[in-house]
Amino acid sequence: PFTRYILPEDQDIFYLQRKQMAESAMLQQFEIQLLRADGSSFWAELKAIPTWNDEFLIVVVDINKRKLTEQQRIEDELRAILDNSMDGFWLLDSQGHILIVNEIYCQMSGYSKEELLPMHIQELECVENAEGVSGHIRKILTQGSDRFETRHRRKDGSVFDVEICTQYNCDSSRFVVFVRD
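Residue indices begin from 1 for each chain and proceed along its sequence in written order. Confidence filtering applies because this is a predicted model: local features only for residues at pLDDT of at least 70, side-chain atom pairs given and counted only at 80 or more, and all residues used for totals across whole chains, interfaces and linings. As a rule here, side-chain values come from all non-hydrogen atoms in the structure, and water together with hydrogens is ignored.

Draft legend 1. Region of interest: the side chain of T150. In this text, helices come from DSSP runs of H or I with a minimum length of four residues, and strands from runs of E with a minimum of two, each type numbered from the N-terminal end. Here T150 shows up in strand β6 (residues 145-153). Side-chain polar atoms of T150 contact the side chain of E125, separated by 2.4 Å. Each residue touching T150, except ones within four places of it in the same chain, is listed here: E125, V127, F160, D161, V162 and I164. Side-chain atoms alone can form a polar contact between residues adjacent in sequence; in general such a contact is a pair of N or O atoms within 3.5 Å, and within protein one must be able to donate a hydrogen while the other accepts it. Any two residues having at least one pair of non-hydrogen atoms within 4.5 Å are treated as being in contact.

Draft legend 2. Spotlight on the layout of surface pockets. In this model, the largest pocket occupies a volume close to 250 Å³. Only protein atoms enter the calculation, which uses a 1 Å grid: trapped sets of points that fit a 1.4 Å probe without letting it out are cavities, open sets showing protein on both sides within 12 Å along at least five of seven lines are pockets, and any residue with an atom within 4 Å of a point is a lining residue. The wall of the largest pocket is formed by 13 residues, among which E75, L78, R79, L82 and I100 lie closest to the centre. Elements with a contribution of two residues or more to the lining of the largest pocket: α2 (64-83), β4 (88-93) and β5 (98-101). Per element, the largest residue contribution to the lining of the largest pocket is seven residues, and it comes from α2. Gly is placed with the polar residues, together with every amino acid not listed as nonpolar (Ala, Val, Leu, Ile, Met, Phe, Trp, Tyr, Cys and Pro) or charged (Asp, Glu, Lys and Arg). Considering only residue class, the lining of the largest pocket consists of seven nonpolar, two polar and four charged. Grid points are joined across faces, edges and corners, and a volume is the space filled by probe spheres set on the points.

Draft legend 3. Seen up close, the nonpolar core. Here, nonpolar core means buried Ala, Val, Leu, Ile, Met, Phe, Trp, Tyr and Cys residues that are tied together by side-chain atoms lying within 4.5 Å of each other. Accessible area is worked out with a 1.4 Å probe on protein chains only. A residue is then buried under 20% of its type maximum, exposed over 50%, and partly exposed in between. Counting 23 residues, the largest nonpolar core has W90, I98, Y105, L116, L124 and V179 as the members making the most contacts within it. Those residues within four positions of L116 in sequence are excluded, and the remaining contacts are I98, V101, Y105, C106, S109, Y111 and L124. With eight residues, the next largest nonpolar core counts F30, F42, A44 and L46 among its residues.

Draft legend 4. Representation of a nonpolar patch on the surface in the model. A contiguous nonpolar surface patch, about 270 Å² in accessible area, is contributed by L27, I49 and L57. Structurally, I49 is set in strand β2 (residues 41-50). A patch consists of residues whose relative accessible area exceeds 30% and which take part in no salt bridge; residues with like charges are grouped when within 9 Å of each other, and nonpolar side chains (Val, Leu, Ile, Met, Phe, Trp, Tyr) when within 5 Å. Here, Shrake-Rupley sampling with a 1.4 Å probe gives the accessible areas, and only protein chains in the shown set may cover a residue. Here, a salt bridge means any side-chain nitrogen of Lys or Arg that lies within 4 Å of a carboxyl oxygen of Asp or Glu.

This is the structure in structure tokens:
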């Protein structure tokens, strides 16, 4: 059956589109991810229309390159927004390691992106010790978000006050953090 070539996460989309097709007898056009024989996935646009005896005529168009180009464009736009923000920005893993940092935070802290990326927030935090940082991470994991004031240490050793606004994204297991001087 065709459904064995549909990525498990997209099975519901196909089912709902198929149901709509059967009810309306109209052409349906939608995008889902399909599986190749080697197990890798790709984006496809399906154009489907019911024919007879609960059968469908389906045209599959590989749109993987277009989707990846769109995704890269969106990521580039988001990076441009974050790099031109008035606030510092971090993307942290669930343990508090910096994965992404914008240029504004680099300017605030005096560190380069290359220096900040292997760091843990504990290395910048001046108010909370390691246990306090871990507790704060657990609190945000439980509540989903938090806004608080603290102090960070610059590369030259000086300290500056910051307001942190953070939100935990369960889907990606990442913290999105805005840092305001």
